[in-house]
Amino acid sequence: MHGVWLGHPLHPAMVQVPVGAWVSAGVLDLMPGQRRAATTLVGVGTVTAVPAAVAGLNDWAALAPEQRRVGLVHAAANVVGVTLYAGSLAARLAGRHGAGRTLGFLGLAAVSGGAYLGGHLAYKQAAQVNHGVTEMHRLPEDWRPVADLDQIPEGSLVRRTVEDVDLVVYRDGSDVTVLLDRCSHLAGPLSEGEVTKLDGHVCVVCPWHGSTFRLDNGQVVHGPAASDQQVLPARVLDGVLEARLP
Ligand code: FES
């Protein structure tokens, strides 16, 4: 439900359906002769809000404490909105379209407040954004030395810093992988995580919330992270491991 299979956080994608249906119902409520279409859209929004809320609850459980506080108010506003829309649907189905319209507009006001807080969570508090992206912008484009290869022990995670950007290096024989150290979920230090094997692939498990990434290509195999961990191109030149921007 975090969106690992989609490669994108699932909750913000799922809320498009109820929000779109409810806004459209509000427009139809202002036009004559559209009662039936508006009732259908209110029903679609109310039903599809449920799985969107489940995905949101799943994301909320893995947020930082200050993000959770805002997330709680975001959820409360949306619960009020969904309740009003459920009442609106019941009134419309009972033929009380005036009451249904009023409850619908009140619901739209409540979910708009909830949406505002959802935007605050994403854009002000960086919930469910890929924390590796900002790190990438600080890396140089040309090859930079990371470490002498013989200083990288096999089978364990080693942290190195290039231009103030923390990297995690994993060596398996002659294969060396260099990834950003800060987890794409909430920037936890992957170099302090555990190496494990999943489905035949060597993976790192983030020490903060357990997101799991393949060490050969950074692919996320277990959330809450919904984005892959960035792998950097690496080469060995005269015994020195170098990395650069992809
Ligand atoms: S920081 Fe949350 S799983 Fe890595």
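S.K.: Explain the domain arrangement of the protein chain here, please?
M.R.: Quite often, the size of an interface is put as the accessible area lost when its parts meet. For the protein chain, the domain assignment lists domain 1 (10–124) and domain 2 (132–243). For domain 1 and domain 2, the distance between their C-alpha centroids amounts to 40 Å. With 4 residues of domain 1 at the contact, the number on the domain 2 side is 4 residues. The interface formed by domain 1 and domain 2 holds 0 salt bridges in total.

S.K.: Would you explain the sheet that holds strand β2 (residues 157–162) in this entry?
M.R.: Adjacent strands of a sheet form backbone hydrogen bonds with each other and so pair up, either parallel or antiparallel. Reading across from one edge, β2-β3-β4-β9 is the order of the 4 strands in this open sheet, with antiparallel pairing throughout. At either end of the open sheet lies a strand with only one pairing partner, and these are β2 and β9 (231–232). Relative to strand β3 (residues 165–172), β2 runs antiparallel, the two sharing 6 bridges. Its bridge partner lying in β3, V162 is registered against V165.

S.K.: I would appreciate a short explanation of the environment of R182 in the present structure.
M.R.: Mapped onto the fold, R182 is located in the loop between β4 (175–180) and β5 (194–198). Between the C-alpha atom of R182 and that of L106, which follows or precedes it by 76 residues, the distance is 42 Å. Setting aside residues no more than four positions away along its own chain, R182 makes contact with E135, D166, A187, G188 and Q229.

S.K.: What's the story with helix α3 (residues 35–60) in this structure? I'm lost.
M.R.: Given 3.6 residues per turn, any residue in an α-helix points the same way as the ones three and four places further on. An ideal rise of 1.5 Å per residue puts 38 Å on 26 residues; α3 measures up with 36 Å between its terminal C-alpha atoms. If you check which residues of α3 are buried, you get A38, T39, V42, G43, G45, T46, A49, A52, A55, G56 and D59. Where α3 is buried, its residues contact α1 (10–14), α2 (16–29), α4 (65–93) and α5 (97–124).

S.K.: Where do I start with the pattern of salt bridges in this structure?
M.R.: Opposite charge on two side chains allows them to pair when their charged atoms are near. By the definition in use, this model includes 8 salt bridges. Between R92 and D29 there is a salt bridge, and its shortest N-O distance comes to 2.7 Å. Of this pair, R92 sits in helix α4 while D29 sits in helix α2, placing them 63 residues apart in sequence. Grouping residues by exposure puts R92 and D29 together as buried. R159 is the partner of E192 in a salt bridge, and the nearest nitrogen-oxygen pair spans 3.5 Å. Residue E192 is found in the loop between β4 and β5, and its partner R159 is found in strand β2; the two are separated by 33 residues along the sequence. Within the structure, one salt-bridge network assembled from shared partners comprises D142, R144 and E163.

S.K.: What should I look at first to understand the packing of α4 against α5 in this one?
M.R.: In helix packing, the relevant descriptors are the interaxial angle and the interaxial distance, both defined with respect to the helix axes. The contact between α4 and α5 brings their axes to 7 Å, and the two run at 165 degrees. Classed by the angle they form, the pair α4 and α5 counts as roughly antiparallel. For α4 against α5, the interelement crossing comes out left-handed.

S.K.: How do you make sense of α5 when you look at a structure like this?
M.R.: Here α5 contains 28 residues, and its C-alpha end-to-end distance of 39 Å stays within 8% of the 40 Å for a straight helix at 1.5 Å per residue. Among all positions of α5, only H97, G100, G104, G107, A110, V111, G114, L117 and L121 are buried.

S.K.: Would you take a moment to explain the sheet that holds strand β10 (residues 234–237) for this structure?
M.R.: A sheet is described by the order of its strands in space; here 3 strands give the open sequence β1-β11-β10, paired in antiparallel fashion. What marks the edges here is a single partner per strand, and that holds for β1 (144–148) and β10. Taking each pair of neighbouring strands and ignoring which way they run, the sheet shows an average axis angle of 35 degrees. Taken together, the 4 bridges between β1 and strand β11 (residues 240–243) define a ladder with antiparallel strand orientation.

Rules behind the numbers
- Residues numbered from 1 in each chain as written.
- Predicted model: local features only at pLDDT ≥ 70, side-chain atom pairs only at ≥ 80, totals over all residues.
- Heavy atoms only, no water.
- Domains from an automatic or database assignment.
- Contact = heavy atoms within 4.5 Å.
- Salt bridge = Lys/Arg side-chain N within 4 Å of Asp/Glu carboxyl O.
- Pairing = 2+ DSSP bridges.
- Helix = DSSP H or I, 4+ residues; strand = E, 2+ residues; numbered from the N terminus.
- Expected span 1.5 Å × (residues − 1).
- Buried < 20%, exposed > 50% of the residue type's maximum accessible area, 1.4 Å probe, protein only.
- Axes fitted to C-alpha atoms, helices over the stretch in contact; angles between N-to-C directions.
- Parallel < 35°, antiparallel > 145°, perpendicular 65-115°, else oblique.
- Left-handed = near helix turned anticlockwise from the far one by under 90°.

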